[in-house]
Structures are given as C-alpha cells and as structure tokens.
Amino acid sequence: MKILLIEDDRETAEFVINGLREHGHVVDHAPNGRDGLFLAAGEAYDVMIVDRMLPGLDGLGIVKTIRGAAVKTPVLFLTAMSGIDERVAGLEAGADDYLVKPFAFSELLARLGALARRPTMTAVETVLTVGDLELDLLKRSVTRAGQRIDLQPQEFKLLEYLMRHAGRVVTRTMLLEHVWGFHFDPQTTVVETHISRLRSKIDRGFDVELLHTVRKSGYSLHGSD
Amino acid sequence: MDPTRILRTTSFRLGALYASVFGGSVIVLVAIINWIANDAMNQQLRAGIGTELAALLYRDREGGAANVAGAIEERLQARNRPTALFYLLTDPAGRKITGNLDAQARAEGWLELHQTFPAAAGTAHEPGALETRTIVARAARLTGGGTLFVGEDRGKVDEVRAAILEASAWAISAAILLAAIGGVLVSLGFLRRVDAINRTSRAIIDGRLTQRIPTRGTGDELDQLGRNLNEMLDRIQALMESVRQVSSDIAHDLRTPLSRLRQRLEAARLRATSVADYEATVEHAIADADAILNTFTALLRIAQIESGTRRAAFAPVDLSEVFRSLVETYAAVAEDRSQSLTSAIEPAVGTRGDRELLTQMIANLIENAIRHAPAGARIRVELRRGDEAAVAMIADSGPGIPPDQRGRVFERFYRLERSRTSPGSGLGLALVAAVAEIHGIKIALEDNQPGLRVVLAIPLIAGTAGAEQRPRGAPPALANYGDERGAR
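J.: What's the story with the overall build of chain B in this structure? I'm lost.
T.: Helix and strand content of chain B: 9 helices and 12 strands. The proportion of buried residues among the 488 residues of chain B is 38%. Taking the intrachain contacts of chain B between residues at least 6 apart in sequence as the baseline, contacts between residues at least 24 apart amount to 63%. Put simply, chain B shows about 27,700 Å² of open surface, and 57% of that area lies on carbon and sulfur atoms.

J.: What should I look at first to understand the environment of B:E231 in this one?
T.: Residue and element names in this part refer to chain B. Relative to the helices and strands, E231 resides in helix α4 (residues 221-271). Using a relative accessible area of 55% as the deciding quantity, one classes E231 as exposed. Placed 19 residues apart in sequence, E231 and R212 show a C-alpha to C-alpha distance of 9.3 Å.

J.: Whenever I open this one, the side chain of B:N34 confuses me. Can you help?
T.: Relative to the helices and strands, B:N34 resides in helix α2 (residues 10-77). Apart from residues lying up to four places away in sequence, B:N34 is in contact with B:R161, B:I164 and B:L165.

J.: How should the sheet that holds strand β6 (residues 127-130) of chain A be read in this particular structure?
T.: Strand pairing in a sheet takes place through backbone hydrogen bonds and is either antiparallel or parallel in direction. Residues and elements named next belong to chain A. Across the sheet, which stays open at both edges, the 4 strands sit in the order β6-β7-β8-β9 with antiparallel pairing between neighbours. Of all the strands in the sheet, the pair left with one neighbour each is β6 and β9 (147-149). Within this sheet the neighbouring strands show an average axis-to-axis angle of 25°, counted without direction.

J.: Could you clarify how one ought to interpret the packing of aromatic side chains in this entry?
T.: Aromatic ring pairs are defined here through the distance separating the ring centres and the angle between the ring planes. If you walk through the whole model with that rule in mind, you get 4 aromatic pairs over all chains. With a centroid separation of 5.8 Å and 80° between ring planes, the pair formed by A:F15 and A:F105 is classed as edge-to-face. Here A:F15, found in helix α1 (residues 10-22), pairs with A:F105, found in helix α5 (residues 105-116); they are 90 residues apart in sequence, far enough to count as distant. We classify A:F15 as partly exposed; its relative accessible area is 42%. By relative accessible area, A:F105 is classed as buried at 15%. Relative to B:Y330, the ring of A:F182 has its centre 6.4 Å away and its plane inclined at 20°; by these criteria the two rings are stacked.

J.: Honestly, the interface of chain A and chain B in this entry has me stumped. Any pointers?
T.: Accessible area lost during the coming together of the parts is what is often quoted as the interface size. Facing 23 residues of chain A, the contacting portion of chain B comprises 27 residues. Between chain A and chain B the total buried area reaches about 2,300 Å² when both faces are included, carbon and sulfur atoms providing 54% of it. In this assembly, chain A and chain B are joined by 3 salt bridges. As a salt-bridge pair, A:R197 and B:D336 come within 3.9 Å of each other at their nearest N and O atoms. Between the two partners, chain A and chain B, sit 10 residue pairs in polar contact (both at pLDDT 80 or more). Partitioned by chemical class, the residues of the side of chain A that touches chain B number 9 nonpolar, 9 polar and 5 charged.

J.: Explanation requested: helix α8 (residues 190-202) of chain A in the structure shown.
T.: It helps to recall that an α-helix has 3.6 residues per turn; residues three or four apart then point in one direction. Over its 13 residues, α8(A) runs 18 Å from end to end, which matches the ideal 18 Å to within 8%, given 1.5 Å per residue. Of all the positions in α8(A), only A:V190, A:V191, A:T193, A:H194, A:I195, A:L198 and A:I202 are classed as buried.

J.: When you look at the sheet that holds strand β9 (residues 378-385) of chain B in this model, what are you seeing that I'm missing?
T.: Residue and element names in this part refer to chain B. One open sheet accounts for 5 strands, arranged β7-β9-β10-β12-β11; its pairing is mixed. Edge strands, defined here as strands with exactly one partner in the open sheet, are β7 (340-345) and β11 (442-447). Going from strand to strand, the sheet's axes swing by 15° on average, the running direction of each strand aside. One ladder, built from 7 bridges, connects strand β10 (residues 389-396) with strand β12 (residues 452-459); its direction is antiparallel. Considered in β12, the bridge of I394 is made with V454. Where helix α6 (residues 319-336) meets the sheet, its contacts fall on β7, β9, β10 and β12, and the angle it forms with β7 comes to roughly 165°.

The rules behind the values
Residues numbered from 1 in each chain as written. Chains lettered and ligands numbered in written order. Predicted model: local features only at pLDDT ≥ 70, side-chain atom pairs only at ≥ 80, totals over all residues. Heavy atoms only, no water. Helix = DSSP H or I, 4+ residues; strand = E, 2+ residues; numbered from the N terminus. Buried < 20%, exposed > 50% of the residue type's maximum accessible area, 1.4 Å probe, protein only. Contact = heavy atoms within 4.5 Å. Areas by Shrake-Rupley, 256 points an atom, 1.4 Å probe, with all protein chains shown as cover. Pairing = 2+ DSSP bridges. Axes fitted to C-alpha atoms, helices over the stretch in contact; angles between N-to-C directions. Phe/Tyr/Trp six-rings, centres within 6.5 Å; stacked < 30°, edge-to-face > 60°. Buried area = accessible area lost by both parts, 1.4 Å probe. Salt bridge = Lys/Arg side-chain N within 4 Å of Asp/Glu carboxyl O. Polar contact = N/O pair within 3.5 Å; in protein donor to acceptor, adjacent residues only side chain to side chain. Nonpolar A, V, L, I, M, F, W, Y, C, P; charged D, E, K, R; others polar. Expected span 1.5 Å × (residues − 1).

Okay, structure coming up:
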C-alpha cells in the first residue's frame with residue numbers, strides 16, 4: 001500500500017514509518033500540516049494517517065480541506081489520549097477511523113488494512129461469503145456448508161463484521177467499537193467469550209477452521225486458501 | 001483609608017449625582033420664586049404710578065395744566081410722603097413746567113428713566129456724591145397739549161430682588177453641601193464593609209484559605225454577598241482538598257506499577273541469558289506500561305466527563321435497548337464464570353443523555369458485579385419506569401460493601417481492603433459517579449442480603465413519565481425511538 005503519514009512528532013513518525021516499511025508498505029512522511037496537505041492533494045494514496053495536533057494547519061483542517069476538494073482517500077485520525085471528544089470532531093470532519101495515542105503497532109496495521117479495503121465495499125452486498133460460510137444480511141441467516149447456524153443478535157453482528165473484513169486481522173478494540181459500541185476497555189473477557197461462542201458455533205464439527213486467533217493482534221476470519 | 005479612593009467609589013458618584021440633581025432643582029425653584037416675586041413687585045409699583053397719574057389727570061380735566069402743576073408742587077413740598085414719587089410736567093413744546101425729574105423727550109406710556117441725584121443722606125456715599133437711580137415712569141398727554149410724567153424709583157424692587165437672590169444662593173450652597181456630606185457618609189459606611197470583603201479576599205489570595213468574610217446577620221445585600229462568597233470559598237476549599245487527595249493518590253497508585261516495571265527490567269538486565277528471557281521481559285513490560293496508560297486514560301476520561309462538555313451532545317437514549325444489549329453481552333461472560341445473569345427490562349424507557357457514557361456506566365456496574373462475585377453467584381439486572389424516574393437495579397450475591405464504606409467507593413482510587421490484590425484501577429466506580437453526576441442520576445448502594453444492590457434513579461425523558469400522567473390524546477411517548485432503532 002502507498003501510505004501518507006502526516007505527523008510532527010519525530011519518534012512516533014519513525015515508529016510508524018519503520019513498522020509500515022517492514023510490512024512492505026510505501027510511506028511518505030510530512031512533518032507539518034502544509035506539506036501534508038500538499039502531498040495529500042497532489043498524490044494518490046491508498047490511505048492517510050493524520051495527527052490531530054500539527055504545526056501550521058492542524059489535522060482537522062487537513063481532513064476538512066481534502067474532503068472539500070473531493071479527495072476520497074480513507075483517513076485514519078490520530079488523537080491524544082485525552083481526546084474522547086476529538087474522536088467525534090475527527091469523524092465529523094471526514095476521517096474514517098481514529099486511533100488514540102499511544103497505540104500498539106498491530107492495532108494501527110489492522111485498522112489501515114480495514115480502511116484500505118473500503119473502496120471495494122461500495123457495491124451493496126446482501127450475502128457475505130467466506131469459504132463455505134454464508135451470511136445473508138436480508139434474511140439474517142447464517143449457513144455453513146448448507147447447514148443452518150443459529151446465532152444470537154450480537155454473535156450475528158460479530159460475524160458480519162469479521163466477514164466484511166475477511167482475510168484481515170481485526171483487533172479486540174475494533175470489535176469492541178464496531179460490534180458493541182464500547183469506547184472503553186472492559187475489565188472482563190467480553191470479546192474472548194463471544195469469539196469463543198461464535199467459534200464453537202461456526203467451526204465445531206467442520207474440518208476447516210475459519211475463525212483464527214492472531215497472536216498479540218486479534219482475530220481473522222479466512223478460509224483454507 | 002485613602003481619601004481619594006472615596007472619589008472613585010460608586011456610592012460617592014451616586015452621592016455626587018444626587019447632590020447635583022438636588023442642587024439643580026433648588027436652583028430652578030429659587031428662579032421661579034424670584035421671577036414671581038419680581039413680577040408681583042413690578043405690578044405693585046406700576047399700580048401705584050397708575051393711581052397717581054389718574055388722580056393728576058383728573059386735576060387736568062378739572063383745571064388744566066396749571067391745576068396739575070399746583071397739585072405736583074403741593075405733593076413735592078409735603079414732608080413724610082408715603083411713597084417717593086417723581087413728577088414732571090412739560091408744556092406742549094416739551095419744556096419743563098415743574099417736577100423733580102429732568103426734562104424728557106415727548107413720550108407716552110411706560111418708560112424707564114435714568115437720572116442722577118445727590119446721594120441720599122444716611123447712605124454709604126460721601127456727602128455731595130451723586131447716585132444714578134432707575135425710575136419707572138408713565139407719561140400721559142394733557143388736555144392742553146403738555147405731557148405729564150409720574151414715576152417711582154425702582155431701587156426698592158431691586159433691593160428686594162438682591163436679598164432674595166442672596167438668600168437663594170445660601171440655600172443652594174447649603175443643599176449641595178448637605179447632599180455631598182450625606183454622599184460621603186453613606187459611601188464611607190459602604191466602603192468599610194466592602195473593605196472587609198477585600199481584606200478577606202486578599203488574605204485568601206495570600207494563602208490563608210480558612211479566612212471567611214464577616215457577616216452582620218442583617219440579611220441585606222452585602223450580607224448576602226458575604227454569605228454567598230463564603231459558601232463559594234467552602235466549596236473551593238473542599239474541591240482543593242479533593243484535588244490534593246487525588247494527586248497524592250495518583251502518585252501513590254502509579255508508583256507501584258512503575259516500580260514493578262522498573263524491577264522487571266532491572267532483573268532482566270542482571271539475569272536474562274537468552275533471547276526468550278528478554279522477549280518475556282519485554283512482553284511483561286509492555287503489559288505493565290499498558291496498565292499504567294489505562295489508569296491515565298480512565299483518569300482523563302473522568303476529568304473530561306466531569307467538565308460537562310459532553311452535555312452539549314445529549315440526545316434521547318433508549319435505556320431499555322442499552323440494558324438489553326448489555327445483558328446479552330454480559331450474560332455470556334457471567335456464564336463463562338459459572339454465574340447466572342438474569343434480567344427484567346421494561347421496554348421503551350428513555351432518558352436524555354450520552355449513549356456512549358451511559359453504556360459505559362452500566363457496563364462498569366455489571367462488570368463490578370461479575371468481577372467481585374464468586375463462581376455460582378446470581379446477578380440480577382432490572383429496569384422499570386418509576387413514577388418520577390426510571391429505576392435501574394444491578395444486584396449480585398457477592399460479598400457486598402460494608403455500610404461504612406459505601407460512601408467512599410465512588411472516590412478515585414478507593415478500593416476495599418479485600419480487592420487491593422485483585423486487578424483493577426480503582427477508578428470504575430469513580431467513572432460511574434461522574435457519568436451519573438452529569439446525567440442527574442441518583443445512585444444508592446444497598447444491602448442485597450447477601451451482596452450489593454446498586455439502585456439508579458435516572459431522570460425520564462420529557463413525555464415518558466408514567467403513562468397515566470400523559471394527557472389524553474397525546475401521541476404515545478417514545479414514538480421517536482422507533483426511528484432511532486430503525487436507523488441503527
């Protein structure tokens with residue numbers, strides 16, 4: 001992927017750039033808002049990472065400006081730890097996702113992966129398929145190899161999210177935010193419990209395991225290929 | 001007290017304004033009196049002249065100018081005349097026949113003459129000095145063609161007028177002086193009390209925080225101000241105490257995990273011999289750092305909630321939906337811990353607030369029940385519409401909280417003795433309290449015999465209070481929730 005990073009903090013920038021390059025991505029870095037805006041408007045990127053606080057033009061201003069200029073590139077907003085309200089402001093300005101600093105690199109990687117996939121999702125899909133697992137959004141039914149599987153509403157939501165991000169890693173935080181609407185870290189095993197229940201429903205009795213745990217990162221739903 | 005300060009006080013300015021308005025009205029009053037008195041005296045003067053002129057003209061009709069001249073001379077020679085009248089009789093050519101006025105040009109009607117006389121005896125003038133007097137006179141044509149002037153000295157009128165003016169000046173000065181003195185006195189009394197408030201403020205600024213403004217108990221405005229300021233100071237002092245407490249708690253609570261982190265890293269430097277050892281250490285160190293960061297995040301979040309900025313984004317929230325979803329989430333978690341979580345949730349109970357924060361608050365309470373209750377415990381979640389508020393209950397059959405500590409568990413970092421060793425930041429209930437506070441939710445901690453029962457009284461959204469209170473024919477409450485659910 002070709003990624004633009006607009007971040008003024010040298011250490012954070014280095015941490016992100018090195019990590020992304022190790023994973024085979026091409027990264028352009030702008031240390032301030034003006035350069036960032038120049039690159040964002042002039043080059044084609046798969047995804048952009050924009051820090052909230054920047055010298056010159058701040059993150060909100062950049063996102064608003066490029067959205068005003070009809071640049072559709074997905075934007076991941078980085079906010080400071082205190083910024084629970086900044087998340088709303090960032091999303092309202094046109095960012096697609098946000099991440100609170102400091103963050104684990106695996107979290108950043110998973111979210112970039114989820115964002116970059118978005119453009120291909122524009123077509124309205126009513127049936128999601130992974131291997132022999134099928135989820136019908138209209139009938140709200142799930143089958144595996146033609147066999148009907150009964151899911152609780154939250155399990156259905158969880159599976160839908162995993163299937164929409166099939167083949168990618170989704171983190172615990174991503175699941176908490178999108179499936180449960182939790183913007184905090186629960187003190188109990190909410191995600192683990194529900195993943196294990198879902199797994200027992202969709203994988204038990206089948207030869208091929210679809211729902212995988214990715215060590216230190218999260219979960220991934222994919223077939224044998 | 002600096003005397004020039006009085007000049008800058010509000011009460012002095014008001015006093016001065018009062019004095020000038022008062023003085024102004026006195027001046028207007030005196031001017032009117034003066035004008036009326038003057039007019040009356042002039043009228044009287046002219047009436048006297050008119051009567052005398054009429055008498056002499058009668059003589060003229062009886063016996064002509066010679067008869068008039070005789071009458072004039074008779075009057076002038078008489079001693080102790082009651083009024084000092086002046087006369088002049090001229091022939092048709094304007095020459096003076098008789099009288100004590102100098103010859104005048106022919107005239108008719110009222111006129112004013114100026115004539116110089118030897119100074120009257122008994123006045124301040126030297127003997128032989130001259131004085132000019134103003135005489136008001138009336139002239140009339142005689143039947144023989146001559147002219148008759150009768151006049152009177154206006155000096156007396158002027159003297160009375162001067163006396164009135166002098167008296168007026170004294171009166172005005174006295175009035176302004178009195179008003180000014182009154183203003184200064186009122187101002188001084190007021191300033192003394194304001195000074196007391198200022199002195200106290202100064203003392204507090206200098207660090208003597210226990211100082212309070214003296215009140216007189218009269219209940220007037222200044223007393224009320226003093227009382228309000230004192231209450232404000234009490235509140236500020238309490239807040240400062242809690243801030244001090246929190247900072248020392250933070251320092252204490254973060255010291256422990258930071259020391260642990262440091263020990264772990266040091267031990268690795270001394271004893272680690274393989275890559276696997278180092279990896280394990282780094283793994284643990286990251287977990288320790290994350291725990292510290294979580295504490296910070298929780299603290300910042302509480303602070304942000306307490307600041308109340310989220311209130312601006314309050315919207316209708318379907319509590320029933322929030323509770324249902326959380327019960328579904330946590331029933332599975334409880335089951336994994338061999339606990340049972342049951343619920344009774346009345347549908348379509350709504351409040352106004354921040355869905356995200358309300359979700360976190362209720363999640364925290366349910367998690368508290370799950371985490372502190374042992375395996376086999378029963379957890380019960382209820383939501384129903386009360387008469388004045390939505391009543392929510394989260395109860396467990398765990399160890400509960402001793403009554404004497406129930407008030408303190410909402411403080412930051414407060415942890416019961418038995419849970420000191422279990423994981424947790426000690427901030428969960430502090431966050432619950434902060435969310436409850438901005439939503440106007442009342443929390444009661446009760447004994448569930450055994451266990452803890454948390455009862456929440458959540459303000460109902462307007463129009464969703466008890467159905468029987470809804471006016472007949474009004475649209476069903478919570479109609480808007482249908483849309484909200486549909487959109488989600």
